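# Topology and contacts: notes
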Amino acid sequence: MEESIFPSKEEEHNMSQTSLSHSRPVVALLTDFGLADGDVGVMKGVIATIAPDLHIIDITHEVAPQNIPSGAWILATAYRYFPENTVFVCVVDPGVGSSRKAIALHAGDWFFVGPDNGLFSYVLAEQIDQSAVVLSNPAYHLPQVSATFHGRDIFAPSGAHLARGVPLTELGTQIDPATLQRVDIGPPARRGRHIDAHIVYVDRFGNLISDIPVSLVPELFSSLAAEQRAQIIFPTLAVVVDRSSHFFAESPDDGKPFIYADSSGYVGIAVRNGNAASALGAEIGTLITYVNSNM
Amino acid sequence: MEESIFPSKEEEHNMSQTSLSHSRPVVALLTDFGLADGDVGVMKGVIATIAPDLHIIDITHEVAPQNIPSGAWILATAYRYFPENTVFVCVVDPGVGSSRKAIALHAGDWFFVGPDNGLFSYVLAEQIDQSAVVLSNPAYHLPQVSATFHGRDIFAPSGAHLARGVPLTELGTQIDPATLQRVDIGPPARRGRHIDAHIVYVDRFGNLISDIPVSLVPELFSSLAAEQRAQIIFPTLAVVVDRSSHFFAESPDDGKPFIYADSSGYVGIAVRNGNAASALGAEIGTLITYVNSNM
Amino acid sequence: MEESIFPSKEEEHNMSQTSLSHSRPVVALLTDFGLADGDVGVMKGVIATIAPDLHIIDITHEVAPQNIPSGAWILATAYRYFPENTVFVCVVDPGVGSSRKAIALHAGDWFFVGPDNGLFSYVLAEQIDQSAVVLSNPAYHLPQVSATFHGRDIFAPSGAHLARGVPLTELGTQIDPATLQRVDIGPPARRGRHIDAHIVYVDRFGNLISDIPVSLVPELFSSLAAEQRAQIIFPTLAVVVDRSSHFFAESPDDGKPFIYADSSGYVGIAVRNGNAASALGAEIGTLITYVNSNM
């Protein structure tokens with residue numbers, strides 16, 4: 001927990017030899033604010049006031065309202081694609097104004113700022129190197145903090161200061177990352193030929209994404225006929241999907257669902273030129289059982 | 001009106017000692033264009049062509065179509081959070097192509113570019129230090145000006161030139177800011193225990209925002225029981241809201257509306273985990289009467 | 001095809017005398033991904049990792065899903081407004097994972113990266129100076145390429161490398177631009193007083209945009225009475241529009257359609273304060289016949 005969050009002297013020297021010393025730090029935003037109100041713009045105004053040379057990148061602002069598991073999953077599929085030292089300011093915050101903590105986190109090569117409500121569950125599960133603080137230092141908040149818009153008043157300014165080089169430990173009191181809130185996430189475990197899992201995300205096309213990492217089921221994309229590789233059973237919906245496909249254009253355009261490897265790295269269920277979520281009646285949280293057909 | 005819009009020699013010298021001289025100027029955009037067409041992207045292309053090092057920030061592009069009061073209110077809640085010298089290019093412009101003026105405005109520490117139709121009403125009411133020009137200098141427009149897309153052809157290029165340092169008075173003929181168009185905005189006045197006011201904005205959650213500044217009604221968030229502090233009457237809807245809350249998580253989750261201090265600085269009416277606008281049948285423009293219950 | 005895609009020594013020297021040498025290259029994005037999932041954000045993360053100082057600008061991410069002609073048209077109306085050397089990364093890609101080629105293109109003063117499916121049809125028709133490569137060099141892709149998200153794995157990294165100065169020919173094998181896929185686009189030809197054309201875009205207001213360049217029909221905006229200039233016939237809908245207007249505020253607010261010069265440079269049909277697409281029952285692809293009434 002006492003690790004330095006910024007490069008060592010030697011590392012800094014090396015960095016100054018490369019383009020990194022000239023590059024702009026990135027702040028990436030993920031919220032459920034939508035884009036209709038001016039809230040996201042206001043957060044960016046706050047960030048640009050504190051640190052004009054940052055590169056501000058939107059991940060999305062259309063997380064399903066107050067849906068922490070969904071926000072956590074989108075963040076999980078995105079953060080590895082950002083430059084090291086990127087500061088992710090994430091606000092899906094149904095408990096704003098209550099006693100939930102406001103936190104900043106250093107995990108792996110990145111920083112994360114937001115409410116302590118499970119939004120960083122995947123990051124905490126995946127990155128071993130961790131340290132965290134409660135955002136208790138008002139010097140890095142706006143002078144007036146409202147009860148309902150901590151994105152603007154606490155998270156954006158704390159994130160901007162972090163990105164311009166303020167050490168994590170300046171932002172508040174250190175806490176043990178093990179005490180942070182988590183939502184129930186995978187990866188699910190195999191029981192013989194079976195994996196009990198569930199749907200964790202429904203994308204814009206209605207594709208259903210499970211919490212089964214593709215790496216856990218190599219047989220699913222073997223050379224066997226697609227019908228003989230595996231099944232996904234939706235027990236609560238009395239549906240069985242027993243066909244798989246390497247990519248969408250490979251699957252017959254017959255309105256029937258198939259299993260595929262989503263680009264997020266997780267197993268998905270789709271209907272070509274259709275909406276699997278509405279076709280199957282499935283949603284975030286729906287239970288599934290994966291069955292390996294050739295064991 | 002003859003004030004210099006850029007820093008004095010002495011100020012410039014001071015600025016060059018700080019990080020400001022290295023920082024990127026900000027252009028902030030607010031329109032009702034939506035994001036489906038390419039129009040917002042085209043405006044950004046124009047800006048980047050004129051001034052490649054600007055930081056372009058979206059406030060929102062989803063102002064209710066042609067709704068000037070709504071655009072004016074969103075701008076009012078946002079502009080103070082942006083760096084000084086930010087240029088706000090604002091296009092909610094039902095009269096494009098008619099005789100309405102195209103203007104640029106220096107007010108307080110910021111610049112504003114857009115149609116003269118009331119969009120800058122709050123800014124003009126709130127910032128004493130003002131100067132304005134009609135955008136009559138074609139040298140700062142695109143070579144061809146269309147009849148229907150002044151955002152691209154006049155406002156974006158004028159704003160970009162302003163942000164890269166062209167003086168306001170170069171963009172056109174000075175006019176008296178007192179002659180600019182205004183929409184009817186608050187703040188409303190007290191009549192004894194009463195304040196006649198109205199709803200000025202409905203946010204994405206259906207929360208109703210009034211034009212009563214929170215600072216005008218300190219009793220509303222006093223230590224009295226929430227039911228004894230104040231009422232908001234919707235005379236045209238025959239509804240009385242007589243409960244208030246410091247923040248959403250404090251309010252009972254019972255589907256009933258309550259009064260709260262919106263993060264914009266104005267009094268709002270919300271339903272926890274619900275939509276106050278549809279629950280009450282209220283919308284932008286609905287009249288309300290605030291009554292202080294403990295006077 | 002053997003042209004140099006980057007400035008000559010002499011040109012480079014000249015550029016270094018101007019602000020261009022200090023300016024940030026632009027990558028502009030156009031997709032049908034929507035903004036609800038994190039996909040666009042992930043592409044930006046990839047770009048910022050490769051080239052932190054780029055300016056990333058969104059054209060739109062709401063192209064009608066998998067609608068290549070619509071994406072091609074939006075790109076056509078936008079690209080000329082961007083700085084020279086802008087790299088357009090465009091992903092409307094129903095054939096992802098199939099045998100369709102991934103390409104990069106230098107056309108006129110700009111670069112274009114995306115699938116070879118017709119998305120660049122207008123650019124190829126309008127810009128004479130062309131060279132193209134198939135994106136066959138894996139050194140400029142992400143280390144792992146998925147079957148379904150080439151935007152992230154191939155197009156974004158190739159575009160970012162291009163923008164930071166990697167020569168086009170490094171990205172893969174050169175191909176003859178004449179062999180690239182095209183969608184059927186205009187401009188339509190006159191037959192005496194008639195022009196057979198069709199609707200190529202429906203904007204957010206329901207305005208119908210045709211593929212008739214305004215420059216082809218100067219009579220339409222002559223000094224004749226609006227009813228005597230021209231007609232647009234919708235043969236499949238049994239509708240005739242015989243009124244034109246220079247701008248929206250000029251047209252009577254009577255719910256009837258009129259012909260106007262769209263800011264894109266093409267002839268459009270609109271209903272003032274109304275939706276022409278739903279009023280007329282027209283959509284992308286609907287046939288129209290333009291008739292010059294005063295020949």
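### Comments concerning the environment of B:C90
Inspection of the secondary structure assignment puts B:C90 in strand β3 (residues 87-91). Apart from residues no more than four positions distant in its own chain, B:C90 is found in contact with B:L30, B:L75, B:V113, B:G114, B:P115, B:L119 and B:F120.

### Overview of the interface of chain A and chain C
On the side of chain C, 31 residues touch chain A, which itself brings 29 residues to the contact. The three residues of chain A that bury the most area against chain C are A:Y81, A:R204 and A:S263, which together make up 28% of that side's buried surface. For the interface between chain A and chain C, the tally reads two salt bridges. Between A:R204 and C:D39 there is a salt bridge, with its nearest N and O atoms 3.1 Å apart.

### Looking at the sheet that holds strand β4 (residues 102-107) of chain B
On the basis of which strands lie adjacent, the open sheet formed by seven strands has the order β2-β1-β3-β5-β4-β6-β7 (chain B) and mixed pairing. The sheet is open, and its two borders are formed by β2 (55-60) and β7 (173-175) of chain B, each paired with just one other strand. The sheet shows a mean angle of 25 degrees between the axes of neighbouring strands, taken without regard to direction. The strands touched by helix α2 (residues 39-50) of chain A are β1 (26-31) and β2 of chain B; relative to β2(B), the strand with the most contacts, the crossing angle is about 150 degrees. Packing against the sheet, helix α3 (residues 68-78) of chain B makes contact with β1, β2, β3 and β5 (110-115) of chain B, and its axis sits at approximately 125 degrees to β2(B).

### Some remarks on the packing of α2(A) against helix α5 (residues 150-163) of chain A
Residues and elements named next belong to chain A. Remark: α2 packs on α5, axes separated minimally by 9 Å, with the N-to-C direction vectors making an angle of 35 degrees. Of the two elements, α2 crosses α5, and the hand of that crossing is right-handed. On α5, the residues touching V42, M43, V46, I47 and I50 of α2 are G151, R152, A156, P157, A160 and H161. When its residues are assigned to classes, the contact of α2 with α5 shows eight nonpolar, two polar and one charged.

### So, the side chain of B:S146
Secondary-structure assignment places B:S146 in the loop between β6 (130-134) and α5 (150-163). With relative accessibility at 16%, the residue B:S146 sits in the buried group. A polar contact is formed between the side chain of B:S146 and the backbone nitrogen of B:F149, at a distance of 3.0 Å. Here the side chain of B:S146 touches B:D153 through a polar contact of 2.6 Å, side chain to side chain. Each residue touching B:S146, except ones within four places of it in the same chain, is listed here: B:R152, B:D153 and C:S263.

### Considering the relation of the copies chain B and chain A
The relation between the two chain copies is a rotation about an axis coupled with a shift along that axis. With an RMSD of 0.0 Å, chain B superimposes on chain A once it is rotated by 120 degrees and translated 0.0 Å along the axis. Look at the turn and shift together and you get a three-fold axis relating the two. If distances are taken from each C-alpha of chain B to the rotation axis, the shortest is found for B:H55, at 5.0 Å. The fraction of interface residues of chain B whose copies in chain A are also interface residues is only 7%, indicating that the copies meet through different surfaces.

### Overview of the relation of the copies chain A and chain C
Here chain A sits on chain C after a turn of 120 degrees about the axis and a move of 0.0 Å along it, with an RMSD of 0.0 Å. A low fraction, 7%, of the interface residues of chain A reappear at the interface in chain C, so the copies pair through non-equivalent surfaces.

### Observations concerning the pairing of strand β2 (residues 55-60) of chain A
Of all six residues that make up β2(A), six are buried, and the element is covered over most of its length. Handedness of the strand β1 (residues 26-31) of chain A-α2(A)-β2(A) crossover: right-handed.

### Description of the packing of aromatic side chains
Under the counting rule described, the total for this entry stands at 27 aromatic pairs over all chains. A centroid spacing of 5.1 Å and a plane angle of 10 degrees characterise the contact between C:F88 and C:F112, whose relative ring orientation is stacked. Residue C:F88 is found in strand β3 (residues 87-91), and its partner C:F112 is found in strand β5 (residues 110-115); the two are separated by 24 residues along the sequence. For C:F88, a relative accessible area of 0% corresponds to the buried category. Within the aromatic cluster, the residues linked to one another by ring pairs are A:Y79, A:F82, A:F88, A:W110, A:F112 and A:F120.

### Describing α5(A)
Residues and elements named next belong to chain A. With 14 residues, α5 should reach 20 Å at 1.5 Å per residue; the first-to-last C-alpha distance of 18 Å fits that figure. Of all the bends in α5, the greatest, near 30 degrees, is centred on A156, and the proline P157 appears no more than four residues after it. The buried fraction of α5 is high, at 14 of 14 residues. Immediately beyond the C-terminal end of α5, within one or two residues, lies G165, with a positive phi of roughly 115 degrees.

### Some points on the interface of chain B and chain A
Of the residues lining the interface, 29 residues belong to chain B; the matching set on chain A comes to 31 residues. Carbon and sulfur atoms supply 55% of the area buried between chain B and chain A, which totals about 2,300 Å² over both sides. Three residues stand out in chain B for area buried against chain A, namely B:Y81, B:R204 and B:S263, and they jointly supply 28% of the buried area on that side. Our count for the chain B to chain A interface comes out at two salt bridges. Counting the contacts that link chain B with chain A gives ten residue pairs in polar contact (both at pLDDT 80 or more). Elements with a minimum of two residues in the side of chain B that touches chain A: β2 and α3 of chain B. For the side of chain B that touches chain A, the element with the highest residue contribution is β2(B), accounting for five residues. Of the residues that constitute the side of chain B that touches chain A, the class distribution is 15 nonpolar, eight polar and six charged.

### Section: unusual backbone geometry
Within the chain, A:Q66 stands out as a residue other than glycine whose phi angle is a positive 65 degrees. Following the sequence through the fold, A:Q66 ends up in the loop between β2 and α3 (68-78).

### Remarks on the nonpolar core
If you look at the biggest cluster of nonpolar residues, it comprises 75 residues, and the most contacted ones within it are B:V89, B:L135, C:I59, C:L75, C:F82, C:F88 and C:F112. In terms of residue count, helix α3 (residues 68-78) of chain C provides more of this core than any other element does, seven residues in total. Contact partners of C:F82, with chain neighbours within four places excluded, come to B:G41, B:V42, B:G45, B:T49, C:V26, C:A28, C:I57, C:I59, C:F88 and C:W110. By size, the runner-up hydrophobic cluster in this structure holds 74 residues, among which are A:V40, A:A102, A:L168 and B:I59.

### Notes on helix α2 (residues 39-50) of chain B
Residues and elements named next belong to chain B. In this model α2 runs 17 Å from its N-terminal to its C-terminal C-alpha over twelve residues, within 8% of the 16 Å that 1.5 Å per residue would give. Counting buried positions along α2 gives ten out of twelve residues, so the element sits mostly inside the fold. Of all the positions in α2, only D39, V40, G41, V42, M43, K44, G45, V46, I47 and A48 are classed as buried.

### Here we look at the environment of A:I103
Within the secondary structure layout, A:I103 lies in strand β4 (residues 102-107). Contact partners of A:I103, with chain neighbours within four places excluded, come to A:F112, A:V113, A:G114, A:P115, A:D116, A:F120, A:V133, A:V134, A:L135, A:F155, A:I175 and A:L180.

### A closer look at the environment of C:E170
Residue and element names in this part refer to chain C. Summarising the element assignment, E170 is placed in the loop between α5 (150-163) and β7 (173-175). C-alpha of E170 to C-alpha of Y266: the two residues are 96 residues apart in sequence and 37 Å apart in space. Setting aside residues up to four positions removed in sequence, E170 forms contacts with N137 and Y140.

### With respect to the pattern of salt bridges
All told, the structure shown has 24 salt bridges over all chains when counted by the stated rule. Between C:R80 and C:E126 there is a salt bridge; the shortest N-O distance is 2.6 Å. Separated by 46 residues along the polypeptide, C:R80 in the loop between α3 and β3 and C:E126 in helix α4 (residues 121-126) bring together distant segments of the chain. In this structure C:E126 comes out as partly exposed when scored by relative accessible area, which is 28%. Within this structure, A:D37, A:D39 and B:R204 form a network of salt bridges that share partners.

### Here we look at the side chain of A:S245
Relative to the assigned elements, A:S245 resides in the loop between β12 (239-241) and β13 (257-261). When residues no more than four places from it in sequence are discounted, the contact partners of A:S245 are A:F221, A:E250, A:S251, A:F258, A:I259, A:Y260 and A:A261.

### Details of the sheet that holds β2(A)
All names here are of chain A. Judged by pairing direction, the sheet is mixed, and its seven strands sit side by side in the order β2-β1-β3-β5-β4-β6-β7 without closing on themselves. What marks the edges here is a single partner per strand, and that holds for β2 and β7 (173-175). Taking the axes of each pair of neighbouring strands and ignoring which way they run, one obtains an average angle of 25 degrees across the sheet. Bridge count for β4 against strand β5 (residues 110-115) is six bridges, and the pairing is antiparallel. Bridge pairing in β5 places A104 opposite V113.

Rules used in this analysis
- Residues numbered from 1 in each chain as written.
- Chains lettered and ligands numbered in written order.
- Predicted model: local features only at pLDDT ≥ 70, side-chain atom pairs only at ≥ 80, totals over all residues.
- Heavy atoms only, no water.
- Helix = DSSP H or I, 4+ residues; strand = E, 2+ residues; numbered from the N terminus.
- Contact = heavy atoms within 4.5 Å.
- Buried area = accessible area lost by both parts, 1.4 Å probe.
- Salt bridge = Lys/Arg side-chain N within 4 Å of Asp/Glu carboxyl O.
- Pairing = 2+ DSSP bridges.
- Axes fitted to C-alpha atoms, helices over the stretch in contact; angles between N-to-C directions.
- Left-handed = near helix turned anticlockwise from the far one by under 90°.
- Nonpolar A, V, L, I, M, F, W, Y, C, P; charged D, E, K, R; others polar.
- Buried < 20%, exposed > 50% of the residue type's maximum accessible area, 1.4 Å probe, protein only.
- Polar contact = N/O pair within 3.5 Å; in protein donor to acceptor, adjacent residues only side chain to side chain.
- Least-squares fit on C-alpha atoms with pLDDT ≥ 70 in both.
- Right-handed = clockwise from strand over helix to strand, strands pointing away.
- Phe/Tyr/Trp six-rings, centres within 6.5 Å; stacked < 30°, edge-to-face > 60°.
- Expected span 1.5 Å × (residues − 1).
- Bend = angle between axes of the 7 residues up to and from the residue.
- Core = buried A, V, L, I, M, F, W, Y, C linked by side-chain atoms within 4.5 Å.

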